[in-house]
Amino acid sequence: MTSFYKFKPEVTLNDLENANPKLLIVLGYFGLFCQEHTLPCLITSLFTDAVKIRSSSTHRDGRAFDASIRGFTDEDIKMLVEYMEDKVGSLGAISLSDNIRRVVICHGGTARHLHFQVSP
Ligand SMILES: [Zn+2]
């Protein structure tokens, strides 16, 4: 059987019981995008595992997950962001920094990753 999603071992899968339903819709579209583009769909962090390393309220509230960008080109990331905004952009959370609603953000820095977030 094909596994569409992979989860890092430190991700607590029971956290999905507390996931905002909108987040599962977003997770579904992310999986679909990866399937259509033959890209890896690796979830690196949900809620309880994320609390230890950062204090993002969207993670704490069950409204965010992170994914690895390993295997993604910059063009893949651009396509993903456009795809997610088109399909489920209205479910995104408003970023505190600039008041803009976003469903996926590519965080830069040394631990570059995708952060998916939904509104309460
Ligand atoms: Zn995150």
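Rules of the game
- Residues numbered from 1 in each chain as written.
- Predicted model: local features only at pLDDT ≥ 70, side-chain atom pairs only at ≥ 80, totals over all residues.
- Core = buried A, V, L, I, M, F, W, Y, C linked by C-beta atoms within 7 Å.
- Buried ≥ 20, exposed ≤ 12 C-beta atoms within 10 Å, placed from the backbone.
- Helix = DSSP H or I, 4+ residues; strand = E, 2+ residues; numbered from the N terminus.
- Contact = placed C-beta atoms within 7 Å.
- Axes fitted to C-alpha atoms, helices over the stretch in contact; angles between N-to-C directions.
- Parallel < 35°, antiparallel > 145°, perpendicular 65-115°, else oblique.
- Left-handed = near helix turned anticlockwise from the far one by under 90°.

(A) Representation of the nonpolar core. Within the largest apolar cluster, 24 residues are counted, with the highest numbers of intra-cluster contacts made by Val26, Phe65, Val103 and Phe116. Mapped onto this core, the elements with two or more residues apiece are α1 (21–36), β3 (64–68), α4 (74–88) and β7 (113–117). Here the element with the most residues in this core is α1; it accounts for 5 residues. Residues contacting phenylalanine 116, with those up to four places away along its chain left out, are Val26, Phe30, Ala64, Phe65, Ala67, Val103 and Val104.

(B) Representation of the environment of proline 40 within the structure. Examined against the element boundaries, proline 40 turns out to sit in the loop between α1 and β2 (42–45). We classify proline 40 as partly exposed; it has 13 C-beta atoms within 10 Å. It is 8.0 Å that separates the C-alpha atoms of proline 40 and tyrosine 5, two residues lying 35 residues apart in sequence. Not counting chain neighbours up to four residues away, the residues in contact with proline 40 comprise Lys6, Cys34, Arg70 and Gly71.

(C) Quick peek at the packing of α1 against α4. Two numbers describe how α1 lies on α4: the axes approach to 10 Å, and their chain directions differ by 135 degrees. Here α4 runs oblique to α1, going by the angle between their axes. Like other packed secondary-structure pairs, α1 and α4 cross with a definite hand, here right-handed. Here Ile25, Val26, Tyr29 and Phe33 of α1 come into contact with α4, specifically with Leu80, Tyr83, Met84, Lys87 and Val88.

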